[in-house]
Amino acid sequence: MGVANIALQTREKLIQVLNSNYALFAYAQGETTSGVILHHGLRNIALPALTLQFASLSELFGGTVLVEKVFGYPGLGSATLQAGLRNDVPLLVGIVLFSAIFVFIGNTLADLSYQVIDPRIRIADTRA
C-alpha cells in the first residue's frame, strides 16, 4: 500500500537527519555514516514512515471496491453501492461506522507504537 510515498518520505527524512547538527557532531567524534544512520537516523525516520503506513490503512476500503469490481466478487464495495442505490440508510451508517472504527484503530496503534520506538514521547508520570 503506497510504498512509493513511504519510501520518498523516509528518504527525505534521512537526508535531513544526515545534514543535521547532531549528525555533524557525531561525524566530528569519529562516527561512521552507517553508525550515524543506525544510532541517530532510524529513530527519526521510523516515526514518519510508521505514520504513513498506518494512515494508509484506510486505503484498504478503496482497494476492496476495485478488486470486487475487477473480479466480480460480492463484498463491502458492492454492498455500499447497493445500499446507496436502494436508500438503505442503516446499512450505509453501519459501513461508515465500521470503516471509521477501522481507521481509528489504525491511528491508535500508530500512536501507541510511537512510545515503543521513541521513549521521549512517553507520557510523563504525573503522580508526585
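Quick note: structure is the one above.
Because the structure is a prediction, the values reported are computed rather than measured.

Re the pattern of salt bridges
According to the stated counting rule, one finds 1 salt bridge in the structure shown. With a shortest N-O distance of 3.2 Å, Arg11 and Glu12 are connected by a salt bridge.

Side note on the side chain of Ser113
Within the element layout of this structure, Ser113 appears in helix H6 (residues 89-117). Contacts of Ser113, omitting those with residues within four sequence positions, involve Leu50 and Phe54.

Points about helix H3 (residues 33-55)
With 23 residues, H3 extends 31 Å between its outermost C-alpha atoms, agreeing within 8% with the 33 Å of an ideal straight helix rising 1.5 Å per residue. Largest kink in H3: about 55°, centred on Gly41. Taken together, the buried positions of H3 are occupied by Gly35, Val36, Gly41, Asn44, Ile45, Leu47, Ala49 and Leu50. The elements touched by buried residues of H3 are helix H1 (3-18), helix H2 (21-28) and H6.

Parameters at a glance
Residues numbered from 1 in each chain as written. Predicted model: local features only at pLDDT ≥ 70, side-chain atom pairs only at ≥ 80, totals over all residues. Heavy atoms only, no water. Salt bridge = Lys/Arg side-chain N within 4 Å of Asp/Glu carboxyl O. Helix = DSSP H or I, 4+ residues; strand = E, 2+ residues; numbered from the N terminus. Contact = heavy atoms within 4.5 Å. Expected span 1.5 Å × (residues − 1). Bend = angle between axes of the 7 residues up to and from the residue. Buried < 20%, exposed > 50% of the residue type's maximum accessible area, 1.4 Å probe, protein only.

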